[in-house]
Amino acid sequence: MHSSDAVVTLLQSSIGTYDTSIPSANRVYPSLSGFHDELVWAALWIFKATGNVTYLEDAKQKRVEFILFKRPFDFSWDNKLAGIQVLMANITGNDTYRGDVENFLNHCITGSSVPRTPAGLAYFSNFGTNGYAANAAFIALVASKLNPLLSNHQRYQDFAVAQIHAMLGSGDGGRSYVVGFGNDPPTQPYHAASSCPQWTSPPPICDQSAFNLAGPNPHKLYGALVGGPDQNGKYNIGRKEFANNEVSIYYNAGFQSAVAGLKYFVKRSRNP
């Protein structure tokens, strides 16, 4: 925790976005939402770990100062606002923060501002459809167990179930988007290590040319969620179709967390 304190102190004194100091990151992962959400996100988690209310009060103050109470479009690697809102609601039980959570999830669920694929997958982006939907499903499950229960808690669980089931095979075309699982799963994820040639002696060269190999990846990346279909439910299987087949930590973190959340409710016999 001493290291965490030191990092936060450094952040407070060296304000700016990470892609300013790492310009190459700007080409692929530019900081579009700024750094304010990360400051609050960090403060809340350190409070959770330490119980030091200074961090909680700092998060509350920055939420107002940086206007972090607006409804975000999604929960992603760049925009942590939905996570901040559900964490604030969890920590404090305050109706203001609970209302923020409801506002975000109503936006996700109604379908009026977040369109759907033909099978009902929430379509936040044409790049990594599954990842954004999985993140929203995770937020919905955390929100559904806030105490006291939100009025739409069952609706939030139902939304999460529908999203995860679509990724596992009840979605467009009945295919799974998880490598090594279910019906007709992905075989060519856009992933460096699993694209490398099979091990031989002497070891084969594994470089960017591996992405050009024909056929399934030599190494099966079991359990990895790929980007998913376009808005019309179309999915391209080729490795080079990285919008459909990229394997990202920020897809899989939300997906695996949501699956764990579903398991939590099943084990406690409170649906889904």
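Before any of the text, the structure's been laid out above.
In what follows, the accompanying structure is described. Bear in mind the structure is a predicted one, so any value in this text is a computation, not a measurement.

Cut-offs and rules
- Residues numbered from 1 in each chain as written.
- Predicted model: local features only at pLDDT ≥ 70, side-chain atom pairs only at ≥ 80, totals over all residues.
- Heavy atoms only, no water.
- Phe/Tyr/Trp six-rings, centres within 6.5 Å; stacked < 30°, edge-to-face > 60°.
- Helix = DSSP H or I, 4+ residues; strand = E, 2+ residues; numbered from the N terminus.
- Patch = residues over 30% accessible without salt bridge, like charges linked within 9 Å, V, L, I, M, F, W, Y side chains within 5 Å.
- Areas by Shrake-Rupley, 256 points an atom, 1.4 Å probe, with all protein chains shown as cover.
- Salt bridge = Lys/Arg side-chain N within 4 Å of Asp/Glu carboxyl O.
- Buried < 20%, exposed > 50% of the residue type's maximum accessible area, 1.4 Å probe, protein only.

## Describing the packing of aromatic side chains
- Taken as a whole and assessed by the stated rule, the structure comprises 12 aromatic pairs.
- Ring geometry for Tyr-190 versus Phe-211: centroids 4.6 Å apart, planes at 25 degrees, classification stacked. Of this pair, Tyr-190 sits in the loop between helix H8 (153-170) and helix H9 (192-195) while Phe-211 sits in the loop between H9 and helix H10 (242-245), placing them 21 residues apart in sequence.
- Here a set of aromatic residues connected by ring pairs shows up, and it is made of Tyr-29, Trp-77, Tyr-250 and Tyr-251.

## Observations regarding a nonpolar patch on the surface
- A surface patch of nonpolar side chains, amounting to about 260 Å² of accessible area, comprises Val-64, Ile-67 and Phe-69.
- Mapped onto the elements of the fold, Val-64 is located in helix H4 (residues 53-65).

## Some thoughts on the pattern of salt bridges
- One pass over the full model with this rule turns up 6 salt bridges.
- The salt bridge partner of Arg-98 is Asp-95, with a shortest N-O separation of 3.7 Å. In this pair, Arg-98 and Asp-95 both sit in helix H6 (residues 95-110), 3 residues apart, roughly one turn of the helix.
- Of the residues examined, Asp-95 reaches a relative accessible area of 62% and is grouped as exposed.

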